[in-house]
Amino acid sequence: MKDIRTGLGYDLHTLQEGRPFILGGIHIPADFGPLGYSDGDALIHAICDAMIGALSLGDIGQHFPDTDPEFKGINSMILLEKTAALIKQHGYQINNIDSTVILESPKISPYVDSIKESLAGVLGIETNRISVKATTNEHVDATGEGKAIAVYASILLVK
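Residues numbered from 1 in each chain as written. Predicted model: local features only at pLDDT ≥ 70, side-chain atom pairs only at ≥ 80, totals over all residues. Heavy atoms only, no water.

Novice: I keep staring at the pattern of salt bridges and nothing clicks. Help me out?
Specialist: Two side chains that carry opposite charge are able to pair once their charged atoms sit near each other. One pass over the structure, following the stated rule, counts three salt bridges. With a closest N to O distance of 3.0 Å, Arg 129 and Glu 126 form a salt bridge. Residues Lys 147 and Glu 145 are paired through a salt bridge, measuring 3.1 Å at the closest nitrogen-oxygen approach. (Salt bridge = Lys/Arg side-chain N within 4 Å of Asp/Glu carboxyl O.)

Structure (structure tokens):
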């Protein structure tokens, strides 16, 4: 039997007017964007959290704390690169990633292919190993009211 590991990641960011909307390393036109210590890319943060969790190495906040000036305003693609390197250091490779973005607007479906290409390029995997789905929260809670973005991500690692 192969040595396989699964991980689950989650991230939530408040949306604020005047911020750039970055998702999976792609800029999406909007008058608002996620508020965060870094660039607020909730998709990458959830994927990183899933990767770190699959290795049983804590969580994204332990590896990239929001108290460290090095990470203030950082492009989350750099965090993804660092986390991917951690996976390789432990002798694993990514089999696949599944993610769900929960967001009322903007609609991300026109950008899904670009997001997958962006992620695949950093992770060194084929785009068909990355799933990026979107749903709304049917106007329930802060996410459903358009005040926040939430993302779930799961990953399968193989040694």
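Having seen the model, we can carry on.
Novice: How do you make sense of the packing of aromatic side chains when you look at a structure like this?
Specialist: The geometry of an aromatic ring pair is captured by two quantities: the separation of the ring centres and the angle between the planes. Tallied over the entire structure, the rule returns three aromatic pairs. Relative to Phe 32, the ring of Phe 21 lies with its centre 6.1 Å away and its plane at 85°, an arrangement referred to as edge-to-face. Taken together, the positions of Phe 21 in the loop between β1 (4–17) and β2 (22–23) and Phe 32 in strand β4 (residues 32–34) put the pair eleven residues apart, joining distant regions of the chain. (Phe/Tyr/Trp six-rings, centres within 6.5 Å; stacked < 30°, edge-to-face > 60°. Helix = DSSP H or I, 4+ residues; strand = E, 2+ residues; numbered from the N terminus.)

Novice: Is there a simple way to explain helix α3 (residues 76–89) in this structure?
Specialist: The periodicity of an α-helix, 3.6 residues per turn, causes residues three or four positions apart to be oriented the same way. The end-to-end C-alpha separation of α3 is 20 Å, in line with the 20 Å expected for 14 residues at 1.5 Å each. Those residues of α3 not exposed but buried are Ser 76, Met 77, Leu 79, Leu 80, Thr 83, Ala 84, Leu 86 and Ile 87. Tucked into the core, α3 has its buried residues touching α1 (42–54), α2 (60–63), β5 (93–102), α4 (112–123) and β7 (148–158). Regarding α3, its N-cap is Asn 75, as a side-chain oxygen of that residue lies 2.8 Å from the backbone nitrogen of Met 77 further along. One or two positions beyond α3, positive phi appears at Gly 91, with a value near 80°. (Expected span 1.5 Å × (residues − 1). Buried < 20%, exposed > 50% of the residue type's maximum accessible area, 1.4 Å probe, protein only. Contact = heavy atoms within 4.5 Å. Polar contact = N/O pair within 3.5 Å; in protein donor to acceptor, adjacent residues only side chain to side chain.)

Novice: Would you explain the nonpolar core in this entry?
Specialist: Soluble, globular proteins show a tendency: their nonpolar side chains are buried together. Core analysis: the biggest nonpolar cluster contains 45 residues, and Leu 23, Met 51, Ile 94, Leu 119, Val 132 and Ile 149 have the highest contact counts within it. Put simply, the parts of the chain that give this core at least two residues each are α1, α3, β5, α4, β6 (130–135) and β7. If you tally residues by element for this core, the top one is α1, at ten residues. Apart from residues no more than four positions distant in its own chain, Met 51 is found in contact with Leu 80, Thr 83, Ala 84, Ile 87, Ile 94, Leu 123, Ile 155 and Leu 157. (Core = buried A, V, L, I, M, F, W, Y, C linked by side-chain atoms within 4.5 Å.)

Novice: Can you help me understand the packing of α1 against α4 in this one?
Specialist: Each pair of packed helices can be summarised by the angle the axes make with each other and by the distance between the axes. Taken N-terminus to C-terminus, the directions of α1 and α4 make an angle of 40°; their axes are 12 Å apart at the nearest point. In terms of orientation, α1 and α4 fall into the oblique class. Viewed along their axes, α1 and α4 form a crossing whose handedness is right-handed. Contacts between α1 and α4 involve Leu 43, Ile 44, Ile 47 and Met 51 from the first element and Ile 115, Leu 119 and Leu 123 from the second. Of the residues belonging to the contact of α1 with α4, the class tally is seven nonpolar, no polar and no charged. (Axes fitted to C-alpha atoms, helices over the stretch in contact; angles between N-to-C directions. Parallel < 35°, antiparallel > 145°, perpendicular 65-115°, else oblique. Left-handed = near helix turned anticlockwise from the far one by under 90°. Nonpolar A, V, L, I, M, F, W, Y, C, P; charged D, E, K, R; others polar.)

Novice: So what exactly am I meant to see when it comes to the sheet that holds β5 here?
Specialist: Consider a sheet: its strands pair through backbone hydrogen bonds, and that pairing is either parallel or antiparallel. Here five strands make up an open sheet; going across it, the order is β4-β1-β7-β5-β6 and the pairing mixed. Looking at which strands have only one partner, the edges of the open sheet turn out to be β4 and β6. Going across the sheet, the axis of each strand differs from the next one's by a mean of 20°, ignoring polarity. Across the sheet, α1 lies against β1, β5, β6 and β7, angled at about 155° from β1, the strand it touches most. (Pairing = 2+ DSSP bridges.)

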